[in-house]
Amino acid sequence: DALMDQEKPLRILAGILARGDIPHAFLFTGIDGIGKRSAAMGFAMACNCLAAVQETSLPVPVPGDGGLPFCGDCRICRAIAAGTHPDVITIAPEGNAIKIGRIRELIEKVVFRPHEARMRAVIVSDAWAMNPEAANALLKSLEEPPPQTIFFLTAEHASDLLPTVVSRCRHIRFAPVAADRIETFLHQRHGVDAKAARSAALMSGGSVARALALTDVPLGAWRQWLAAELAALPSRPVPLVLAFAEKLQKNKDQVGQWLGMIQTCLYDAVVWKYQPGRIMNIDMADAVAAMSDQESIASLGRKIDAVVAVEKALDRNVNPRLATEKLALELANRL
């Protein structure tokens, strides 16, 4: 499930294992939520699985098979899956950065041989978040790799990392997951209503993790609220428009997510004018239709541009309250 639609990356990894020609560092690129970290964990299991050592009958992957040879049930596999194995080290951003202190701690650990694993795995999630000092410190370990250690770096694009870091990694690209596969997965495996599953799959951008988040019950209620608010804002007095902005930015960590939802609703309002059957928010068709009927194409275009401008402003650390208040006024046709 975690590696849905990733046959090519898995075939490459399986071939590397079958040949025994394992590089000291991988770079997995692709959007968030498509299984890059899960692939790293699976590769670590395949390198250390007790059944792989003891059972010669364990299936060895062949090109086209798409599997990694680990049992999933032995003590090592269970510990790796649970994130408790001492020789599988995961580093992720703290806040928005991976700082040099964290990389120095890592380097101190990996100079010694693994506790029990045949191959230690170091997974640097969102490696783009390393500041230049941290990236250069890690580069030294990639240039002179410690014994029995494989590094896995994940990022959306190779260009997000220093070229010198990228050049020392085996680069494998992971693809977005097809919307139909995500829809089926949500509906059949998680019991999500068919319309909600379709909407989440279309809005996910190919990310299974994002699709699952979009089907979360509280988040679903937020989506319904946002769609209704967007349709009603132009008729609201300014104090209520500003109250909408206040609610929007109250949870600062999720402002980006709300902006993404607003954008999909506005896009759908445009699409509704021409092909109503092609909207993404099919479970909120009434609110989308109301918005489309009361807004012109030009007005919807200006609002989409306003959302994009706020997203860029927030990336530059503009005051979230001021940015969302300005956006709310634009969405209400007050600016």
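Each chain carries its own residue numbering, running from 1 in the direction its sequence is written. With the structure being a predicted model, the display of local features is reserved for residues of pLDDT at least 70 and the display and counting of side-chain atom pairs for 80 or more, all residues being used for whole-chain, interface and lining totals. Excluded from the side-chain calculations are hydrogens and water; all other atoms, namely the structure's heavy atoms, are used.

1. Concerning the overall build of the chain
Right, on to step 1. Numbering of helices and strands starts at the N terminus; helices are DSSP runs of H or I of at least 4 residues and strands are runs of E of at least 2. When its secondary structure is counted, the chain shows 16 helices and five strands.
Right, on to step 2. Here the chain holds 335 residues, and the buried ones make up 44% of them.
Right, on to step 3. Contacts were defined at the residue level, with two residues in contact if any of their heavy atoms lie within 4.5 Å. Put simply, 72% of the contacts in the chain that link residues at least 6 apart link residues at least 24 apart.
Right, on to step 4. Side chains of the chain give 37 positive and 36 negative charges; the mean places of these two sets differ by 2 Å. Think of it in three bands: with a 1.4 Å probe and only protein chains considered, a residue is buried below 20% of the maximum accessible area for its type, exposed above 50%, and partly exposed in between. The convention is simple: Lys and Arg are positive, Asp and Glu are negative, and His and the chain ends are not counted. Positions of charges follow a simple convention, taking NZ of Lys, CZ of Arg, CG of Asp or CD of Glu.

2. What about the sheet that holds strand β4 (residues 149-155)?
Right, on to step 1. Read across the open sheet, the five strands follow the order β2-β3-β4-β1-β5; overall the sheet is parallel. In this open sheet, the two edge strands, each paired with only one partner strand, are β2 (88-91) and β5 (170-173). Between one strand axis and the next, the sheet turns through 20° on average, direction left out of account.
Right, on to step 2. In this sheet, β5 lies alongside strand β1 (residues 25-29) in parallel orientation, the contact comprising four bridges. Paired with Leu27 across the bridge in β5 is His171.
Right, on to step 3. A fitted line through C-alpha atoms represents every axis, and for helices the fit uses only the stretch in contact; the resulting angles, taken between N-to-C directions, go from 0 to 180 degrees. The sheet strands contacting helix α2 (residues 36-48) are β1, β2, β3 (120-124) and β4, and the helix crosses β4 at an angle near 165°. Pairing between two strands requires that DSSP report at least two bridges joining them.

3. Here we look at the nonpolar core
Right, on to step 1. Phe26, Phe28, Phe43, Phe152 and Ile262 are the most contacted members of the largest nonpolar core, which totals 73 residues.
Right, on to step 2. When near neighbours in sequence (up to four residues on either side) are disregarded, Phe28 contacts Leu13, Lys36, Ala39, Ala40, Phe152, Leu153, Thr154, Ala155, Ile172 and Phe174.
Right, on to step 3. Note on terminology: a nonpolar core comprises buried Ala, Val, Leu, Ile, Met, Phe, Trp, Tyr and Cys residues joined through side-chain atoms within 4.5 Å. Formed by 26 residues, the second largest nonpolar core is a distinct cluster that contains Val122, Ala127, Leu142 and Phe151.

4. Topic: helix α6 (residues 132-143)
Right, on to step 1. Expected span of a helix: the number of residues minus one, times 1.5 Å. An ideal rise of 1.5 Å per residue puts 16 Å on twelve residues; α6 measures up with 16 Å between its terminal C-alpha atoms.
Right, on to step 2. On its buried face, α6 sits against β1, α5 (100-110), β4 and α7 (163-166).

5. Examining the environment of Thr90
Right, on to step 1. Mapped onto the elements, Thr90 comes out in strand β2.
Right, on to step 2. A residue is classified by how much of its surface remains accessible, and Thr90, at 31% relative accessible area, is partly exposed.
Right, on to step 3. Taking the C-alpha atoms as reference, Thr90 lies 4.7 Å from Ile123; in sequence the two are 33 residues apart.
Right, on to step 4. When residues no more than four places from it in sequence are discounted, the contact partners of Thr90 are Arg37, Arg102, Ile123 and Ser125.

6. Focus on the environment of Ile31
Right, on to step 1. For Ile31, the position within the fold is in the loop between β1 and α2.
Right, on to step 2. Along the backbone, Ile31 and Ser299 are 268 residues apart, and their C-alpha atoms lie at a distance of 31 Å.

7. Topic: unusual backbone geometry
Negative phi is the rule for most residues except glycine; trans is the rule for most peptide bonds.
Right, on to step 1. Of note, Asp5 is a non-glycine position whose phi angle comes to about 65°, a positive value.
Right, on to step 2. Looking at the element boundaries, Asp5 is found in the segment before α1 (7-19).
Right, on to step 3. Relative accessible area serves as the criterion here: at 22%, Asp5 is assigned to the partly exposed category.
Right, on to step 4. Despite not being glycine, Gln148 shows a phi value in the positive range, around 50°.
Right, on to step 5. Along the chain, the position of Gln148 falls in the loop between α6 and β4.
Right, on to step 6. For Gln148, a relative accessible area of 29% translates into the label partly exposed.

8. Here we look at the pattern of salt bridges
Right, on to step 1. Any Lys or Arg side-chain nitrogen located within 4 Å of an Asp or Glu carboxyl oxygen qualifies as a salt bridge. Here the structure, examined in full by the defined rule, presents twelve salt bridges.
Right, on to step 2. Taking the shortest distance from any N to any O, the salt bridge between Glu229 and Arg236 comes out at 2.9 Å.
Right, on to step 3. With relative accessibility at 22%, the residue Arg236 sits in the partly exposed group.
Right, on to step 4. With its nearest N and O atoms 3.7 Å apart, the salt bridge here joins Glu246 to Arg321. Of this pair, Glu246 sits in helix α12 (residues 238-248) while Arg321 sits in helix α16 (residues 320-331); the two residues are 75 residues apart in sequence, bridging distant segments of the chain.
Right, on to step 5. Take Glu246: its relative accessible area is 33%, and that puts it in the partly exposed class.
Right, on to step 6. Given the relative accessible area of 44%, Arg321 is considered partly exposed.

From the geometry alone we can't say anything about function, so treat these as descriptive.
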